[in-house]
Amino acid sequence: MNIVKVWPESIVSDKRLMYKLSRAESTSLQKVAGEEITPKAWMIREDTNHKGENVTVLSIVDDSNNVYSTISKTFMNEFDEINRIMDGEEFSVLVKAGVTKGGKDFITCELL
């Protein structure tokens with residue numbers, strides 16, 4: 001596992017939170033489409049999936065200490081942009097699911 005980015009940066013010294021974001025059981029964001037999440041902390045990491053393939057994973061701990069994760073590049077790109085715009089301010093996102101014109105499922109998020 002390789003940690004790419006964490007927010008807030010101060011969580012690096014919080015071993016329990018770092019464990020929660022990197023190793024603890026999490027709920028797939030696809031399963032919570034339509035729900036609101038208020039991130040307390042998040043991590044982007046490179047890891048290996050059960051097939052031995054390298055994947056990039058976004059893990060989020062919300063204000064209720066629930067852990068969510070995704071490998072969706074669409075979600076990660078939008079989430080990263082929202083975080084950049086909010087510049088350290090607290091925010092909430094709506095997890096949104098859809099289907100591409102090609103019939104493939106996807107998830108993204110929207111700033112609330």
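Report on the accompanying structure. Here the structure is a predicted model, which is why all the values come from computation and not from measurement.

Rules used throughout
Residues numbered from 1 in each chain as written. Predicted model: local features only at pLDDT ≥ 70, side-chain atom pairs only at ≥ 80, totals over all residues. Heavy atoms only, no water. Salt bridge = Lys/Arg side-chain N within 4 Å of Asp/Glu carboxyl O. Helix = DSSP H or I, 4+ residues; strand = E, 2+ residues; numbered from the N terminus. Buried < 20%, exposed > 50% of the residue type's maximum accessible area, 1.4 Å probe, protein only. Core = buried A, V, L, I, M, F, W, Y, C linked by side-chain atoms within 4.5 Å. Contact = heavy atoms within 4.5 Å.

Observations regarding the pattern of salt bridges
Right, so step 1: Enumeration according to the criterion identifies four salt bridges in this entry.
Right, so step 2: For Asp-47, the salt bridge is made with Arg-45, and the minimal N-O distance between the two is 3.4 Å.
Right, so step 3: Ionic pairing is found between Arg-84 and Glu-81, a salt bridge with its closest N-O pair at 2.5 Å. Linking Arg-84 with Glu-81, this pair stays in helix α2 (residues 73–86), spanning three residues, or about one helical turn.
Right, so step 4: Arg-84 gets classed as exposed once you look at its relative accessible area, which sits at 54%.

Focus: the nonpolar core
Right, so step 1: One finds Leu-29, Ile-37, Leu-58, Ile-60, Phe-75 and Phe-79 to be the most contacted residues of the largest nonpolar core, which totals 18 residues.
Right, so step 2: Listed by contribution, the elements that provide at least two residues to this core are β4 (39–48), β5 (54–62), α2, β7 (93–99) and β8 (105–111).
Right, so step 3: Broken down by element, the residue count for this core peaks at five residues, all from α2.
Right, so step 4: Once you skip the residues sitting within four places of it in the chain, Phe-75 turns out to touch Leu-29, Leu-58, Ile-60, Thr-70, Val-95, Ile-107, Thr-108 and Cys-109.
Right, so step 5: Val-6, Leu-17, Leu-21 and Val-61 belong to the second-largest nonpolar core, a separate cluster that totals nine residues.

Let's talk about unusual backbone geometry
Right, so step 1: For the peptide bond that leads from Trp-7 to Pro-8, omega is -10 degrees, which places it in the cis range.
Right, so step 2: Here Pro-8 is to be found in the loop between β1 (2–7) and α1 (15–22).
Right, so step 3: Of note in the backbone geometry, Asn-65 takes a positive phi value of approximately 70 degrees without being a glycine.
Right, so step 4: Relative to the assigned elements, Asn-65 resides in the loop between β5 and β6 (67–70).
Right, so step 5: Among the residues examined, Asn-65 registers a relative accessible area of 38% and is labelled partly exposed.

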